[in-house]
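Structure assessment
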Amino acid sequence: MAGPVNSNLDHLRIVLVDSRNPLNIGAGARAMSNFGVRRLRVVNPYDVAFREARSAMGAAKLLARAEEFTTVAEAVADCSLVVGTTAVGHRELQHPLRRLPDGARLIRKQLASGKVALLFGSEKFGLSNHDLSHCHWLMRIPTRTEHSSMNLGQAVAVCLYELVREGKSPQAQVKVKNAPAGAGEVERITAVLFETLQASGYVKPRAAEATEEKVRRLVRRLSLEKRDAELWLGMLRQIAWKLANDGDRGRN
């Protein structure tokens, strides 16, 4: 049996991205309620009626409180760890891929001190490359190659079971030294760095979207602490300001 539910699970955000079927969102909410996870976020859901899904048996309140966002960046902004799920398939991954037990152990450890977002993509296409660029690493449920994709609600249930089956995770720390930067702070660094690269002429217009995703992954791999993120952001903003002002003087 799964271990006892603990308060650290309140730091976990289940994020459903571009879900096509409101019944699947309801099934995901039901799985969350089964395992004591209460924070559901949805990004660009296809059907606005998902809050009334009958499949959310026993989880109506959880579904009613679901937070809705238009972008992944907004949905994970307050999280210090962002983990994506993938069936892999023929995709060439740019992230570390971890087994479910290993990933769950790392998530439990992070939940003791900060918020974690666990992302699930659409039933048909999964998470896009742009969605994945917001992740620190990925997890895969070990399904057979011939039929790798799972129903969304089932995938949520399997991941949450693995997360809680070892019992209680360490108690939340009162004070965390050298806290990791949140996803919102990392995204601000990404935005300013990309803006600076554009101003310098590094970014080619036709490859702008791909370059932005590469920059986002690069910044995430730095695993910045909160205090260092503030320093990086200040330095990059100064460089961006200098480039903009030098350009204005050159035109005068």
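Check the entry above for the structure.
Presented here is a report on the structure given in the accompanying data block.

About the cut-offs
- Residues numbered from 1 in each chain as written.
- Predicted model: local features only at pLDDT ≥ 70, side-chain atom pairs only at ≥ 80, totals over all residues.
- Heavy atoms only, no water.
- Phe/Tyr/Trp six-rings, centres within 6.5 Å; stacked < 30°, edge-to-face > 60°.
- Lys NZ or Arg CZ within 6 Å of the ring centre and 35° of its normal.
- Salt bridge = Lys/Arg side-chain N within 4 Å of Asp/Glu carboxyl O.
- Helix = DSSP H or I, 4+ residues; strand = E, 2+ residues; numbered from the N terminus.
- Buried < 20%, exposed > 50% of the residue type's maximum accessible area, 1.4 Å probe, protein only.
- Expected span 1.5 Å × (residues − 1).
- Patch = residues over 30% accessible without salt bridge, like charges linked within 9 Å, V, L, I, M, F, W, Y side chains within 5 Å.
- Areas by Shrake-Rupley, 256 points an atom, 1.4 Å probe, with all protein chains shown as cover.
- Core = buried A, V, L, I, M, F, W, Y, C linked by side-chain atoms within 4.5 Å.
- Contact = heavy atoms within 4.5 Å.

Applying the stated criterion across every chain yields a total of one aromatic pair. Across from the ring centre of Trp 137, 4.8 Å away, lies the NZ or CZ of Arg 98, which sits over that ring.

A few words on the pattern of salt bridges. Pairs can form between side chains of opposite charge whenever their charged atoms are close. Inspection of the entire model under this criterion finds twelve salt bridges. The closest approach of N and O atoms between Arg 220 and Glu 187, which form a salt bridge, is 3.9 Å. Of this pair, Arg 220 sits in helix α8 (residues 208-221) while Glu 187 sits in helix α7 (residues 183-200), and the two are 33 residues apart along the sequence. Across the pair, exposure class does not vary: Arg 220 and Glu 187 are buried alike. Arg 227 is paired through a salt bridge with Glu 225; the nearest N and O atoms lie 3.1 Å apart. Overall, the relative accessible area of 54% leaves Arg 227 in the exposed class. Each of Glu 187, Glu 212, Arg 216 and Arg 220 takes part in a single network of salt bridges with overlapping partners.

Here the focus is α7. Its 18 residues give α7 an end-to-end C-alpha distance of 25 Å, which sits within 8% of 26 Å, the value for a rise of 1.5 Å per residue. All of the buried residues in α7 are Ala 183, Gly 184, Glu 185, Val 186, Glu 187, Ile 189, Thr 190, Val 192, Leu 193, Phe 194 and Thr 196. Where α7 ends, the next residue or the one after it, Gly 201, has phi of about 90°, a positive value.

Before going further, it helps to spend a moment on a nonpolar patch on the surface. There is a patch of nonpolar side chains on the surface, built from Leu 231, Trp 232 and Met 235 and spanning about 300 Å² of accessible area. Mapped onto the elements of the fold, Leu 231 is located in helix α9 (residues 226-251). According to the relative accessible area criterion, Leu 231 is exposed, its value standing at 51%.

A few words now on the nonpolar core. One finds Ile 14, Leu 40 and Ile 107 to be the most contacted residues of the largest nonpolar core, which totals 36 residues. Residues within four places of Leu 40 in sequence aside, it is in contact with Ile 14, Leu 16, Ile 25, Ala 29, Met 32, Leu 62, Leu 63, Ala 66 and Glu 67. Grouped together as the second largest cluster of nonpolar side chains are 16 residues, Val 43, Val 82, Leu 127 and Ala 183 included.

Just geometry here; none of it tells us what the structure is for.
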